[in-house]
Amino acid sequence: MTGLEWLVVGVAIFTASCLQSSIGFGMGMVAAPVLAIIDPRMVPGTIILLATALTALVVVRERTSIDVRGAGWALVGRVPGVIAGAALLVVLPERGVSIMLGAVVLFGVVATAIGWSPTPRRGSLMTAGAASGLLGTATSIGGPPMALIWSGSSGAALRSTMSGFFLIGSLMSLAALGVTGSLDAHSLATGALLLPAVALGYMASRWVNRVLDRRRLRWVSIVVSAGGALVLLVDAVV
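The shown structure was predicted, so the numbers you read here are calculated from the model rather than taken from an experiment.

A. Quick peek at the overall build of the protein chain. For the protein chain, the count of helices and strands is 10 helices and 0 strands. Its C-alpha atoms give the protein chain a radius of gyration of 16 Å, near enough to 18 Å, the size a compact globule of 238 residues would have. If one aligns the C-alpha atoms of the protein chain with their principal axes, the spans along those axes are about 40 × 40 × 30 Å. Per-residue burial for the protein chain yields a buried fraction of 52% across its 238 residues. As displayed, the protein chain offers around 10000 Å² of accessible surface, 70% of which is attributable to carbon and sulfur atoms.

Written as structure tokens, this is what we have:
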């Protein structure tokens, strides 16, 4: 990649990390379309690696607010979803992954924008976990299903519970990608180089949490994600 491309990728990861640290999701929705356009080899491996590091930081910061029971049922559902997502990644061509990624982002944007909020019961948590596992492993975007199911939570409870779920869920996805050969040296190298952008985004989220409310951050993520998804779809189809 050129120096300008690295700068664009770094800004995307910084912004996505700041949003996810503030509202509990957004890493994949914001960053994945940008990375897929500039270097498709970074999706999903590099983003999942970075998301794992970020969610670990948030879990340590807000560990006392985690809904352990809810996250546990969601993780039970995530297991078959991860397996299905890894298998799907093996058979889909690169263009197919890009189209699926863009479509998933747009679905998440629409669902988030209209405020659809299913009740977080055992069955719905497992279903959302399965959907998150499939989409997160195949495209690195597993946030929308969990953001919907936990949309009734707010603040530290939302961030910590989603981060706890994604920390363990991302480790599952990385293991599945490793088994199928979809996690390579390029993903590891680019992930290591982009860790400083994740750390800066995490630190910036402390200031953002004090200055901006969750509703405004939610709409920022919606607008940015929609724009990135549309550009990615046009690039993949044309």
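B. Helix 3 (residues 45–61), seen in detail. With 17 residues, helix 3 extends 25 Å between its outermost C-alpha atoms, agreeing within 8% with the 24 Å of an ideal straight helix rising 1.5 Å per residue. Every buried residue of helix 3 is listed here: Gly-45, Thr-46, Ile-47, Ile-48, Leu-50, Ala-51, Thr-52, Leu-54, Thr-55, Val-58 and Val-59.

C. Up close: the nonpolar core. By size, the foremost hydrophobic cluster in this structure holds 46 residues, and its most contacted members are Ile-13, Met-27, Leu-35, Met-146, Trp-150 and Met-162. Per-element accounting of this core gives the leading share, 7 residues, to helix 2 (residues 27–38). Each residue touching Ile-13, except ones within four places of it in the same chain, is listed here: Ala-31, Leu-35, Leu-50, Leu-194, Ala-197 and Val-198. By size, the runner-up hydrophobic cluster in this structure holds 5 residues, among which are Leu-89, Val-97, Leu-174 and Leu-177.

D. Looking closely at helix 2. Look at helix 2: 16 Å from first C-alpha to last across 12 residues, which is about the 16 Å you get at 1.5 Å a residue. For helix 2, the buried fraction is high: 9 of the 12 residues fall into the buried class. Among the residues of helix 2, those classed as buried are Met-27, Gly-28, Met-29, Val-30, Ala-31, Ala-32, Pro-33, Leu-35 and Ala-36.

E. Molecular detail of a nonpolar patch on the surface. Taken together, the side chains of Leu-4, Leu-7, Val-8 and Val-11 make up a nonpolar region of the molecular surface, amounting to roughly 370 Å² of accessible area. Tracing the chain through its elements places Leu-7 in helix 1 (residues 3–23). Judged by its relative accessible area of 53%, Leu-7 falls in the exposed class.

F. The arrangement of the packing of helix 2 against helix 3 in detail. Relative orientation of the contacting elements helix 2 and helix 3 amounts to 150°, with a least axis distance of 11 Å. One finds that helix 2 runs roughly antiparallel with respect to helix 3. Here the hand of the crossing between helix 2 and helix 3 comes out right-handed. Contacts between helix 2 and helix 3 involve Met-27, Gly-28, Ala-31, Ala-32 and Leu-35 from the first element and Ile-47, Leu-50, Ala-51 and Leu-54 from the second. Each residue belonging to the contact of helix 2 with helix 3 can be placed in one class, and the counts come to 8 nonpolar, 1 polar and no charged.

G. The environment of Pro-80, seen in detail. With respect to the element layout, Pro-80 can be found in helix 4 (residues 68–91). Sequence separation between Pro-80 and Ala-189 is 109 residues, and the spatial gap between their C-alpha atoms is 29 Å.

H. Quick look at the packing of aromatic side chains. Counted according to the given criterion, the structure contains 2 aromatic pairs. Residues Trp-150 and Phe-165 carry aromatic rings whose centres are separated by 6.1 Å and whose planes lie at 75° to one another, so their mutual orientation is edge-to-face. Of this pair, Trp-150 sits in the loop between helix 7 (143–149) and helix 8 (155–180) while Phe-165 sits in helix 8, and the two are 15 residues apart along the sequence. For Trp-150, a relative accessible area of 4% translates into the label buried. On the basis of an interplanar angle of 70° and a centroid distance of 5.1 Å, the ring pair of Phe-165 and Phe-166 is categorised as edge-to-face. For Phe-165, a relative accessible area of 0% puts it in the buried group. We classify Phe-166 as buried; its relative accessible area is 7%.

Rules and cut-offs
- Residues numbered from 1 in each chain as written.
- Predicted model: local features only at pLDDT ≥ 70, side-chain atom pairs only at ≥ 80, totals over all residues.
- Heavy atoms only, no water.
- Helix = DSSP H or I, 4+ residues; strand = E, 2+ residues; numbered from the N terminus.
- Rg over C-alpha atoms; globule rule 2.2 N^0.38 Å.
- Buried < 20%, exposed > 50% of the residue type's maximum accessible area, 1.4 Å probe, protein only.
- Areas by Shrake-Rupley, 256 points an atom, 1.4 Å probe, with all protein chains shown as cover.
- Expected span 1.5 Å × (residues − 1).
- Core = buried A, V, L, I, M, F, W, Y, C linked by side-chain atoms within 4.5 Å.
- Contact = heavy atoms within 4.5 Å.
- Patch = residues over 30% accessible without salt bridge, like charges linked within 9 Å, V, L, I, M, F, W, Y side chains within 5 Å.
- Salt bridge = Lys/Arg side-chain N within 4 Å of Asp/Glu carboxyl O.
- Axes fitted to C-alpha atoms, helices over the stretch in contact; angles between N-to-C directions.
- Parallel < 35°, antiparallel > 145°, perpendicular 65-115°, else oblique.
- Left-handed = near helix turned anticlockwise from the far one by under 90°.
- Nonpolar A, V, L, I, M, F, W, Y, C, P; charged D, E, K, R; others polar.
- Phe/Tyr/Trp six-rings, centres within 6.5 Å; stacked < 30°, edge-to-face > 60°.

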